Amino acid sequence: MRVDFLIIGQGIAGTTLAWRLLQRGRSVFVVDRENGHSSSRIAAGLMTPATGKRIAKSWRWADLFPNAVTFYRSRESELGDRFFHQRPALRLFIDAQEQAEYQRRSGGLLLGLVEPATDINAEWFDAPLGGFSMPDAARLDVPRYLDACRTHFRARDVYRTAGLSPHDLELTATGARVPALSVEAQTVVFCRGFDAGTDPWFGSIKFNAAKGEILTVRVPGLAENRVIHRGIWLAPIGDEVFRVGATYTWEPLDSRPTAEGRAEIESRLRAFLRLPFEVLEHHAAVRPVIDAGLPVLGRHPEHPQLAYFNGLGSKGSLLAPFFADQLAAHLCGTGEIDPEVNVRKALHRL
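Rules used in this analysis
- Residues numbered from 1 in each chain as written.
- Predicted model: local features only at pLDDT ≥ 70, side-chain atom pairs only at ≥ 80, totals over all residues.
- Heavy atoms only, no water.
- Helix = DSSP H or I, 4+ residues; strand = E, 2+ residues; numbered from the N terminus.
- Expected span 1.5 Å × (residues − 1).
- Buried < 20%, exposed > 50% of the residue type's maximum accessible area, 1.4 Å probe, protein only.
- Pairing = 2+ DSSP bridges.
- Contact = heavy atoms within 4.5 Å.
- Axes fitted to C-alpha atoms, helices over the stretch in contact; angles between N-to-C directions.
- Core = buried A, V, L, I, M, F, W, Y, C linked by side-chain atoms within 4.5 Å.
- Parallel < 35°, antiparallel > 145°, perpendicular 65-115°, else oblique.
- Left-handed = near helix turned anticlockwise from the far one by under 90°.
- Nonpolar A, V, L, I, M, F, W, Y, C, P; charged D, E, K, R; others polar.

*Asks:* Which residues make up helix α1 (residues 12-23), and what are the values?
*Replies:* Since one α-helical turn is 3.6 residues long, residues separated by three or four positions face the same way. Compared with an ideal rise of 1.5 Å per residue, which puts 12 residues at 16 Å, α1 spans 17 Å between its outermost C-alpha atoms and is within 8% of the ideal. Of all 12 residues in α1, 10 are buried, a share of seventy percent or more. For α1, the set of buried residues is I12, A13, G14, T15, T16, L17, A18, W19, R20 and L21. Among the residues trailing α1, G25 stands out with phi positive, at a value near 80°.

Written as structure tokens, this is what we have:
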């Protein structure tokens, strides 16, 4: 089989890039080892205009969010499924300092993106300092999105389950081939997340990856349909079931849930949730954060038949549509990669 693009990795980066290339009339073949503990599989999929302890405006929000809304709505229409939920998010103040930061920024950088919260249910939440609402926010049900796309790709025979290593790939003058899969491609794109640091071409890119743990909980009586933020996030998934997280630890970098991670999340949840809850599931994964904290994409400077799309981190659902589009345009010869996210920059830092 000959295709224009072979995409290695069907996480949020590889999946979204495949769509962007298909939209341009190019042929793709997607390969994934189907690791249930990948960061994409347990990602919260949250999109908010204000983020972090300092309530900063999300990076490039005006570009990224409208692009994401249009992309995911189109995928829902094409796939006949629903995985993108656009609704306000609520942030509760942890302390007076955070409240002061909001008051300082709400009339400036965040003007029009935030507003005072007037509907905090005191029976559900302990929020003596109040909070603020983000009317333009959303959550992507990442596993459902990935599963729907995988089903679509598989039905069209452009998807294969396989765990490829760099030794399975042979570079040619006009592209690359994978004899084990009988596939030849003009370009191979690596979208393998954190454990991608083993190939001889991009493996030296430095990660600053962080392990994250999340819980799935049942909260009887909690009818809140917004995502709640207060140091951690509480995201509804239906029928009084919520996901809650996440922790940040830097060693060990593995996908094993820990008692310490569960205890931390439960403690933070009890700090603002008045209702009892039951833990249903506990998962962990490693976020593929590149050293600079920005996504990294583009063709290899010495091997143009190879390309890279990685480092989306905890904001992958927001970042993926915009930068997959930018990379697809570049790979098809009709656009350029922003210098701050170009893979050449990541390689030249070494």
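*Asks:* Tell me about the sheet that holds strand β8 (residues 115-116), and name the residues and values.
*Replies:* In spatial order, the strands read β8-β9-β7-β16-β17-β18-β15-β19; together these eight strands make up an open sheet with mixed pairing. The open sheet terminates on both sides in strands that have one partner only, identified here as β8 and β19 (278-287). Here strand β16 (residues 227-230) runs beside strand β17 (residues 232-238); their pairing, made up of three bridges, is antiparallel. When the sheet's bridge partners are listed, H229 is paired in β17 with W233. Of the strands in this sheet, β15 (210-218), β17, β18 (241-245) and β19 are in contact with helix α6 (residues 259-270), which crosses β15 at around 55°.

*Asks:* Before we move on, can you summarise the nonpolar core with the specific residues and values?
*Replies:* A general trend in soluble globular proteins is that nonpolar side chains are found buried together. L17, M47, Y72, L140, Y145, V189 and F309 are the most contacted members of the largest nonpolar core, which totals 60 residues. If one sorts the elements of this core by residue count, helix α7 (residues 316-331) sits on top with nine residues. The contact partners of L17, leaving out residues within four places of it in the chain, are I7, V189, C191, F309, A324, L327 and A328. Grouped together as the second largest cluster of nonpolar side chains are 28 residues, F29, V31, A162 and F207 included.

*Asks:* Help me get a handle on the sheet that holds strand β6 (residues 84-86), residues and values and all.
*Replies:* A sheet is described by the order of its strands in space; here three strands give the open sequence β3-β10-β6, paired in antiparallel fashion. Edge strands, defined here as strands with exactly one partner in the open sheet, are β3 (46-47) and β6. In this structure, β3 lies alongside strand β10 (residues 138-140), joined through two bridges in antiparallel fashion. Considered in β10, the bridge of M47 is made with A138. Most of the contacts of helix α3 (residues 61-79) go to β6, to which it runs at about 130°, and overall it touches β3, β6 and β10.

*Asks:* So what about the packing of α3 against helix α5 (residues 142-155)? Which residues, and what values?
*Replies:* In contact at an axis separation of 11 Å, α3 and α5 are set at 50° when each is read in the N-to-C sense. On the basis of the axis angle, α3 is oblique to α5. As α3 runs across α5, the sense of the crossing is left-handed. Seen from α3, the contacting residues are F71, Y72, R75, E78 and L79; seen from α5, they are Y145, A148, C149 and H152. Here the contact of α3 with α5 is built from residues that sort into six nonpolar, one polar and two charged.

*Asks:* Help me get a handle on the pairing of strand β7 (residues 89-92), residues and values and all.
*Replies:* Covered by surrounding structure in β7 are A89 and R91 together with L90 and L92, the residues of both alternating faces. Judged from the four bridges that link them, β7 and strand β9 (residues 131-134) form a sheet pairing that is antiparallel. When the bridges of β9 are listed, L90 appears paired with S133. Two strands pair when backbone bridges link them, and β7 and β16 are joined in this way by three bridges, in the parallel orientation. Within β16, the position partnered with A89 by the bridge is V227.

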